[in-house]
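So the chains spell out like this:
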Amino acid sequence: MKHHHVGIQRPSRPGASVPVGRGMKRLRPAAALFAAVLLAACASAPERNPVARWEGSPNHSPRWARAIVLHHTAMDSAQGAIRTLQTGNSGGPVSAHYLIGDDGVIHQLVADGEAAWHAGNSRWAGVDELNAWSIGIELDNDGREPFAPAQVDALLVLLEELTVRLRIPRHMVLGHSDIAPTRKDDPSVHFPWKVLADAGFGLWPREPLRPAPPGFDAWVAMRLVGYDLRDPEAALAAFHRRFRGNEARHWLPGDAEILFDLQQQLLALPAQAPAPPAH
Ligand SMILES: [Zn+2]
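What you see as residue numbers is a count from 1 along each chain, following the sequence as written. The predicted origin of the model limits local features to residues at a pLDDT of at least 70 and limits the giving and counting of side-chain atom pairs to 80 or more, whereas totals for whole chains, interfaces and linings rest on all residues. Hydrogens are left out, water is left out, and the side-chain values use all remaining heavy atoms of the structure.

Once that is clear, we can look at the packing of aromatic side chains. The description of two aromatic rings rests on the distance between their centres and on the angle between their planes. Note on aromatic pairs: the rings of Phe, Tyr and Trp (six-membered ring only in Trp) are paired at centre separations within 6.5 Å, and the planes decide the class, stacked below 30 degrees, edge-to-face beyond 60, tilted for the rest. One pass over the structure, following the stated rule, counts 8 aromatic pairs. On the basis of an interplanar angle of 65° and a centroid distance of 4.7 Å, the ring pair of Trp219 and Trp251 is categorised as edge-to-face. Pair noted here: Trp219 is in helix H6 (residues 218-225) and Trp251 is in the loop between helix H7 (232-243) and helix H8 (255-267), with a separation of 32 residues, a long-range link. One aromatic cluster is present, built from ring pairs that chain together Trp124, Trp204, Tyr227, Phe239 and Phe243. Between Arg48 and the ring centre of Trp54, over which it is positioned, the NZ or CZ distance is 4.1 Å. Between the NZ or CZ atom of Arg242 and the centre of the ring of Trp193, over which it lies, the distance is 3.8 Å. Numbering of helices and strands runs from the N terminus, with a helix taken as a DSSP run of H or I at least four residues long and a strand as a DSSP run of E at least two residues long. A ring has a charge above it when a Lys NZ or an Arg CZ is no more than 6 Å from the ring centre and no more than 35 degrees off the ring normal.

Given below as structure tokens:
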């Protein structure tokens, strides 16, 4: 519900007009407070904490997503995937903000300002729990087939809209496998990351690649790019899935050149985080 705060009474100020006096009356502030908490608990999402006195300030903004995470559904149909995203799978309730059919239709399931449940246990750039700071996009694809051109075109439209409106940095378009390398392999090696990169989304090595200089540490670069290195082989598989179209769990010739270029691109980014979206 988008407008859940509309029509919900502001909880009374705790203790504000309750006389504090002798005997039983001392219990009243606590009782009033308890009632206010119960009242708030009945509402879907209390806007204001009943244990605090609301003063209000105009100087605030919604917390906003800092990344976009792409998935494939590993299912046979968009309608089936929508049903799952409205209920759950064997692991419990799941959702995503968007699902794009292979016909290019963009379905929305969760508002951008809310956390959808798509990432699970995850880490990127040293920060856990990407559900709290990302937009999740599911692509109707069974994981073994190429991604439909109409679907990729629609994804590019959606990425443009989201990154502009929500001011999400364009390089922060990630795969589920990037942020949960020990558990996830989506989107698959068939996903056209190069097409996204050509449109300016996601980090991608620039041709022609130059040799990495002496002393270059590829693991440090992996960490800088964002990978969680607690399971190094899984991280390498995710890196290769994303950048090389294979799932090798060991270093390959050419990896250092790619990582050196990605590192140079990241180091050249402005240090300042972009401002939150105006509204
Ligand atoms: Zn996924």
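On we go.
This next bit is on the confidence of the model for the protein chain. Each residue carries a pLDDT value, the predictor's own confidence for that position, ranging from 0 to 100. Per-residue confidence for the protein chain gives a mean pLDDT of 87, with 81% of residues at or over 70. Scored below 50 in pLDDT, residues 37-43 makes 4 contacts in the model with residues more than four places away or belonging to other chains. When checking whether two residues touch, look at their non-hydrogen atoms; a contact exists if any pair is within 4.5 Å.

There is a patch of like negative charges on the surface, built from Asp76, Asp102, Asp103 and Glu145. Residue placement: Glu145 occurs in the loop between strand E6 (134-139) and helix H3 (149-165). Patch membership needs two things, relative accessible area over 30% and no salt bridge, and members are linked within 9 Å if like-charged or within 5 Å if nonpolar (Val, Leu, Ile, Met, Phe, Trp, Tyr). Areas reported as accessible are Shrake-Rupley estimates using a 1.4 Å probe. Residue values count occlusion only from the protein chains shown. Note on definitions: salt bridges are taken to be side-chain nitrogens of Lys or Arg within 4 Å of carboxyl oxygens of Asp or Glu. Working convention for charge: Lys and Arg count positive, Asp and Glu count negative, and His plus the chain ends are omitted. The atom standing in for a charge is NZ when the residue is Lys, CZ when it is Arg, CG when it is Asp and CD when it is Glu.

Next up on the list: the pattern of salt bridges. The final tally for this structure, using the stated rule, is 12 salt bridges. When the shortest N-O distance is used, the salt bridge between Glu161 and Arg165 registers 2.5 Å. Of the two residues, Glu161 and Arg165 are both situated in helix H3; the distance of 4 residues between them amounts to about one turn of the helix. A salt bridge links Glu247 to Arg241; the nearest nitrogen and oxygen atoms lie 2.5 Å apart. On the accessibility criterion, Arg241 (8% relative accessible area) is buried. Counted as one network, the salt bridges with shared partners bring together Asp112, Glu161 and Arg165. Classification of residues uses two cut-offs on accessible area relative to the type maximum, computed with a 1.4 Å probe and protein chains only: under 20% is buried, over 50% is exposed, and between them is partly exposed.

Spatially, 5 strands are ordered E3-E2-E6-E1-E7 in an open sheet, and the strand pairing comes out mixed. At either margin of the open sheet sits one strand with a lone partner, and together these are strand E3 (106-108) and strand E7 (173-175). Put simply, the sheet's adjacent strands are angled 25° from each other on average, direction ignored. Relative to E6, strand E2 (residues 98-100) runs parallel, the two being bridged by 3 bridges. We call two strands paired when DSSP finds no fewer than two bridges between them. Each axis is a line fitted through C-alpha atoms, taken for helices only over the stretch in contact, and angles between the N-to-C directions span 0 to 180 degrees.

Residue Pro187 follows Asp186 across a cis peptide bond; omega there is -5°. For Pro187, the location among the structural elements is in the loop between helix H4 (176-179) and helix H5 (193-198). Backbone geometry at Glu129 places phi at a positive 55°, although glycine is not the residue there. Within the element layout of this structure, Glu129 appears in the loop between strand E5 (127-128) and E6. The class of Glu129 is partly exposed, set by a relative accessible area of 41%.

Moving on, we get to H7. The first and last C-alpha atoms of H7 sit 16 Å apart over 12 residues, in line with the 16 Å expected at 1.5 Å per residue. The element H7 is extensively covered by neighbouring structure, given that 10 of its 12 residues are classed as buried. Within H7, the full set of buried residues consists of Ala234, Ala235, Leu236, Ala237, Ala238, Phe239, His240, Arg241, Arg242 and Phe243. Buried residues belonging to H7 abut E7, H4, H5, H6 and H8. To estimate how far a helix should reach, multiply one less than its number of residues by 1.5 Å.

Only nitrogen, oxygen and sulfur atoms qualify as donors, provided they sit within 2.8 Å of the metal or within 3.2 Å for Na, K and Ca; with water excluded from the atoms, sites may seem incomplete. The zinc ion binds to the protein through His71 (ND1), His176 (ND1) and Asp186 (OD), with metal-donor distances spanning 2.1 to 2.2 Å. For His71, a relative accessible area of 1% gives the class buried.

Time to look at the packing of H6 against H8. One way to put it is that H6 packs onto H8 with a least axis distance of 9 Å and a crossing angle of 45°. One element, H6, and the other, H8, form an angle in the oblique class. Two packed elements cross with a definite hand, and for H6 against H8 that hand is left-handed. Between H6 and H8, the residues in contact are Ala218, Ala221, Met222, Leu224 and Val225 and Leu259, Leu262, Gln263, Leu266 and Leu267, respectively. In this classification, Asp, Glu, Lys and Arg are treated as charged, Ala, Val, Leu, Ile, Met, Phe, Trp, Tyr, Cys and Pro as nonpolar, and every other residue, Gly included, as polar. For the contact of H6 with H8, a count of residues per class yields 9 nonpolar, 1 polar and no charged. Angular relationships are summarised with four words: roughly parallel below 35 degrees, roughly antiparallel beyond 145, roughly perpendicular across 65 to 115, and oblique for the angles in between. Should the near helix be turned anticlockwise from the far one by less than a right angle, the crossing is termed left-handed; should it be turned clockwise, right-handed.

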